[in-house]
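Chains, contacts and geometry: an overview
Okay, here's what each chain looks like letter by letter:
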Amino acid sequence: MRYSLETLCVHSGTIDDRLTWGTRSPLFPSNSHKHLVAQEDLYPRHSNVANQRAVAEKLRDLEQGEKALVFSSGMAAISTALLSHLRHGDHLIMQKGIYSGTFRFAANHLPKIGVEVSLVAGSKRDDFLSQMRPNTRAIYIETPTNPLLEVLDIEMIAEVAALHGLTTFIDNTIATPINQTPIRYGIDIVLHSATKFLGGHGDITAGVAIGSESHILPMIEYVNDFGGCLNPQTCHLLERSLLTLAIRMAKVNENAMKLAVLLNEHPSVTAVHYPGLTSHPSHEVAKRQMAGFGGVLSFELDPRIDVTAFQNRLKLVVPANSMGEATTTLNSPFQASTSFRSLVAEQRRNVDVSHQLIRMSAGIEGFDDLSLDLLQALAP
Ligand SMILES: *Cc1c(COP(=O)(O)O)cnc(C)c1O
């Protein structure tokens, strides 16, 4: 029998404390191990120390994979995964609207090793099929996207890839395994920035890759050579965060849905982007492949509302650059030091982000308090 996600969050991967019989995983911070007695050449960069394995097992079970590896950031996971699976002469298809850091990595560094990259603008099967070349090796997607919350049909992508024998990557950061488990649909490698909802408290930087053994094991050599491993202390913190992932995401999903409805009815808001709304263009796809619609939404302020003044009026909701915290945060993708400010010109033309757009990441506060704060800040 498979345990529920709630139970896996709490129990999976926990290290047995044989010294003091504590109920929680002990922290083993050593980077050096007594080689005359150790069974293995344990070393953090080899991704084989106890706390790395404990948190990787929990994430493996939550994503229904066979093997997981943890990294020092989401970008370390993403770059290592791509470099492990692509060779000189290969062609990679990427979806438009992926995280700007991922786009920058692919655009700036993959061509240097002879990997060609194409961006797909649409979300239909033919949009992807039309990009196929004889040397196409992989498809990289992210769903839902940030900040426009576009949803891509994961099963369709897995089918297209299977037809052409391609490796598939998905960035599952926004959804989390509580809302979406892409391996079930045939995706090969699931990637996360654990800096966001998995960490969930705004205080760690980490990444993870999950998949079959045949897709993850080759990456061990690359993390060892490139060095993007995660230290035991942060593994221990991430493991503690994951104990509450399911209940945090349940509250985050609920708050985001209610916020989307509230904003959708507000006269100072001209549009709301959230896959949970029936008006969202891919609501049906989202309903099919997601157990919950996630914590990220975005909305357009009426042109009469000044974007900065609106943020300054907030008393509870925090204007901040990142997302996925216990605190509800928001920002204007064109302001502050968000990833979009650094988005290269080419992708900016590809992503229709308006200056009145606000991206919001729901936290776990009481909805009524969030609602009152937003209503007072939206009053013109
Ligand atoms: C933040 C983020 C990343 C990058 O993660 P880091 O931990 O900052 O390296 C990748 N993908 C998505 C969707 C993100 O939001």
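It should be noted that the structure appears before, not after, this text.
Reading the values: rules and limits
- Along each chain, numbering runs from 1 in the same order as the chain's sequence is written.
- Only residues with pLDDT of 70 or above have their local features reported here, since the model is predicted, and side-chain atom pairs are shown and tallied only from 80 upward, although totals for entire chains, interfaces and linings are computed over all residues.
- With hydrogens and water set aside, each side-chain value is computed from the structure's full complement of heavy atoms.
- Note on terminology: near, applied to a residue and a molecule or strand, indicates that one of the residue's heavy atoms is within 4 Å of it.
- Identification of polar contacts relies on pairs of N or O atoms within 3.5 Å, with a donor-acceptor requirement for protein atoms, meaning one able to donate a hydrogen and the other able to accept it, and with residues adjacent in sequence counted only if both atoms are side-chain atoms.
- Using the Shrake-Rupley algorithm and a 1.4 Å probe, accessible areas are obtained, with residue cover drawn only from the displayed protein chains.
- In this description a helix means any DSSP run of H or I spanning at least four residues, a strand means any run of E spanning at least two, and both kinds are numbered starting from the N terminus.
- Gly counts as polar in this scheme, as do all residues outside two lists: the nonpolar Ala, Val, Leu, Ile, Met, Phe, Trp, Tyr, Cys and Pro, and the charged Asp, Glu, Lys and Arg.
- Each nonpolar core is a collection of buried residues, namely Ala, Val, Leu, Ile, Met, Phe, Trp, Tyr and Cys, held together in the definition by side-chain atoms within 4.5 Å.
- The buried label goes to any residue with under 20% of its type's maximum accessible area, the exposed label to any with over 50%, and the partly exposed label to all in between, with areas taken from a 1.4 Å probe on protein chains only.
- In this document the domain limits rely on a domain assignment from an automatic tool or a database.
- Working rule for contacts: check all heavy atoms of both residues, and any pair within 4.5 Å makes them a contact.
- For two strands to be treated as a pair, DSSP must find no fewer than two bridges joining them.
- Angles here are taken between N-to-C directions and fall from 0 to 180 degrees, while the axes themselves are lines fitted to C-alpha atoms, restricted in helices to the stretch in contact.

Before going further, it helps to examine the site of the ligand. If you check the shell around the ligand, you find 13 residues, and the closest are Met75, Asp171, Ser193, Thr195 and Lys196. A distance of 2.8 Å is found between an oxygen atom of the ligand and a backbone nitrogen or oxygen belonging to methionine 75. Residue aspartate 171 places a side-chain N or O atom 2.6 Å away from a nitrogen atom belonging to the ligand. Protein chains bury 91% of the 380 Å² of accessible surface belonging to the ligand in isolation. In terms of residue count, helix H3 (residues 74-85) provides more of the shell around the ligand than any other element does, three residues in total. Of the residues assigned to the shell around the ligand, the class counts are five nonpolar, five polar and three charged.

Bringing the nonpolar core into the picture now. In terms of nonpolar packing, the biggest core is built from 79 residues, with Ile139, Leu238, Phe299 and Phe310 touching the most fellow members. Per-element accounting of this core gives the leading share, nine residues, to helix H10 (residues 245-264). Split by domain, the residues of this core number at least three in each of domain 1 (5-242) and domain 2 (246-378). Among residues more than four places away in sequence, those in contact with isoleucine 139 are Leu92, Ile93, Phe128, Ile157, Val160, Ala161, Leu166, Thr167, Thr168 and Phe169. Judged by nonpolar contacts, the second largest core, of 26 residues, contains Leu69, Val115, Leu191 and Val223.

Bringing the sheet that holds strand E9 (residues 296-301) into the picture now. With mixed pairing, the five strands of this open sheet are ordered in space as E8-E9-E12-E11-E10. Every interior strand has two partners, whereas the edge strands, strand E8 (269-273) and strand E10 (318-319), have only one. Of the pairings in the sheet, the one linking E9 to strand E12 (residues 357-361) comprises five bridges and is antiparallel in character. When the sheet's bridge partners are listed, leucine 297 is paired in E12 with methionine 360. Packing of H10 onto the sheet brings it into contact with E8, E9 and E12, and relative to E9 it is tilted by some 15°.

The next subject is the pairing of strand E6 (residues 189-193). With respect to burial, E6 is a largely interior element, five of its five residues being buried. Both faces of E6 are covered, namely the face carrying Ile189, Leu191 and Ser193 and the face carrying Val190 and His192. Pairing analysis gives three bridges linking strand E5 (residues 167-171) to E6, with the strands arranged parallel. Residue pairing in the sheet places phenylalanine 169 in a bridge with isoleucine 189 of E6. Here E6 pairs with strand E7 (residues 207-211) via five bridges, running antiparallel. Paired with isoleucine 189 across the bridge in E7 is glycine 211.

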